[in-house]
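Examination of the molecular architecture
Here's the letter readout for the chains.
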Amino acid sequence: MSPDMSPDMTIQAEADRRWLREAIKLSRRCPPSGTAYSVGAIIVAGDGTRLADGYSRDVDPHVHAEESALAALARSGPSHMDLPGATIYSSLEPCSSRRSRPRTCTHLILAAGIGRVVFALREPPLLADCHGAELLRQGGVEVVEIGDMARLVREVNAHLFTTQDG
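A brief look at the structure comes next. (Residues numbered from 1 in each chain as written. Predicted model: local features only at pLDDT ≥ 70, side-chain atom pairs only at ≥ 80, totals over all residues. Heavy atoms only, no water.)

1. What to know about the overall build of the protein chain
- Per the secondary structure count, the protein chain includes five helices and five strands.
- When its helices and strands are written in sequence order, the protein chain yields α-β-β-α-β-α-β-α-β-α.
- Within the protein chain, buried positions represent 48% of all 166 residues.
- Long-range contacts, defined here as pairs at least 24 residues apart, represent 72% of the contacts in the protein chain between residues at least 6 apart.
- Accessible area of the protein chain: about 8500 Å², with a carbon and sulfur share of 54%. (Helix = DSSP H or I, 4+ residues; strand = E, 2+ residues; numbered from the N terminus. Buried < 20%, exposed > 50% of the residue type's maximum accessible area, 1.4 Å probe, protein only. Contact = heavy atoms within 4.5 Å. Areas by Shrake-Rupley, 256 points an atom, 1.4 Å probe, with all protein chains shown as cover.)

So, in C-alpha cells, the structure goes:
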C-alpha cells in the first residue's frame, strides 16, 4: 500500500480494478463491428451490489454498453437505490457524441444521477471526438481512469486500431 493511500482507498482501488476487469470481460461478448467499439459496462451500488450490466450491441445493433446497462437498471423496477452512491464501470470512456441516438451515454449517466464513473481507456478519436470524462466531471461526477488496464480494451478492439493510432 502506498503511504498516501488509506486502507479504505486501497479497498476501493481493488474493487474498481475487479469490476473494471468484469466490464472488459463483458465487452468480449460484443458482436464485431467495423464502425463501433466493443464495450462492457456494469453498474454497482455503493455497497458493492451488482445492479445491472450491458455491452455494446447486446439488444440492438446501435446500443452502447452504458445505455444498455442503464436500460436494464430501469427495467429492474422502481429505483430505491442510492444512484449518487453508485458507480458505472465502463471499459471505454462514455461517449459524448452519437450518430445513432439522440442522447449520449454521458448525458444518460448524468440524467440517471450516478455519482461515479470508472473506465480504462479514453475514447480514441477514430470514430468520434469524445469529451465524456470532462463533461461528467463538469456535471459533478467523480471520474476515475485506470489507464494501466487500457491495453486490455485495445486488445478487444484491435480490429479498429491502426498503426497511426498507436
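Now, onward.
2. Some words on the nonpolar core
- In terms of nonpolar packing, the biggest core is built from 46 residues, with L20, I24 and I43 touching the most fellow members.
- Residue contributions to this core peak at six residues, all from helix α1 (residues 7–27).
- Discounting chain neighbours no more than four positions away, the residues touching I43 are T49, R50, L51, A52, A69, L70, L73, A86, T87, I88 and I114. (Core = buried A, V, L, I, M, F, W, Y, C linked by side-chain atoms within 4.5 Å.)

3. Thoughts on helix α3 (residues 105–112)
- Three or more residues of α3 are buried, namely C105, T106, L108 and I109. Buried residues of α3 fall within an arc of 165° about the axis and therefore sit on the same side.
- Positive backbone phi, approximately 85°, marks G113, located one or two places after α3. (Arc of directions from axis to C-beta.)

4. Observations regarding the pairing of strand β1 (residues 40–44)
- Along β1, five of the five residues are buried, which leaves the element largely enclosed by surrounding structure.
- Taking every second residue as pointing to the same face, both faces of β1 are buried, with G40, I42 and V44 on one and A41 and I43 on the other.
- Across five bridges, the pairing between β1 and strand β2 (residues 50–55) is antiparallel. Note on β2: the bridge partner recorded for G40 is Y55.
- Adjacent in sequence and paired antiparallel, β1 and β2 are bridged by five residues, among which G48 carries a positive phi angle near 95°. (Pairing = 2+ DSSP bridges.)

5. A closer look at the layout of surface pockets
- Of the voids in this model, the second largest pocket is the one considered here, and its volume is about 160 Å³.
- As for the second largest pocket, its lining consists of 13 residues, of which Q12, A45, G46, G48 and Y89 are closest to the centre.
- Breaking the lining of the second largest pocket down by element, the ones donating at least two residues are α1 and β3 (87–92).
- No other element matches α1, which puts four residues into the lining of the second largest pocket.
- Here the residues of the lining of the second largest pocket are counted per class, giving six nonpolar, five polar and two charged. (1 Å grid on protein atoms, 1.4 Å probe; cavity = no way out; pocket = protein on both sides within 12 Å on 5 of 7 lines; lining within 4 Å. Points joined across faces, edges and corners; volume = space filled by probe spheres on them. Nonpolar A, V, L, I, M, F, W, Y, C, P; charged D, E, K, R; others polar.)

6. What about the environment of L110?
- Relative to the assigned elements, L110 resides in helix α3.
- Residues L110 and V141, spaced 31 residues apart in sequence, show a C-alpha to C-alpha distance of 7.8 Å.
- Excluding its chain neighbours within four sequence positions, the residues that come into contact with L110 are L135, L136, G139 and V141.

7. Remarks on the pairing of strand β4 (residues 116–121)
- Along β4, six of the six residues are buried, which leaves the element largely enclosed by surrounding structure.
- Bridge count for β4 against strand β5 (residues 142–145) is four bridges, and the pairing is parallel. Note that in β5 the partner of V117 across the bridge is V143.

8. With respect to unusual backbone geometry
- For R57, which is not a glycine, the phi torsion comes out positive at approximately 65°.
- Summarising the element assignment, R57 is placed in the loop between β2 and α2 (65–75).

9. Let's talk about the sheet that holds β1
- Within the open sheet, the five strands sit side by side as β2-β1-β3-β4-β5. Their pairing is mixed. Every other strand in the sheet has two partners, leaving β2 and β5 as the edge strands with one partner each. When the angles between neighbouring strand axes are averaged without regard to direction, this sheet yields 15°. (Axes fitted to C-alpha atoms, helices over the stretch in contact; angles between N-to-C directions.)

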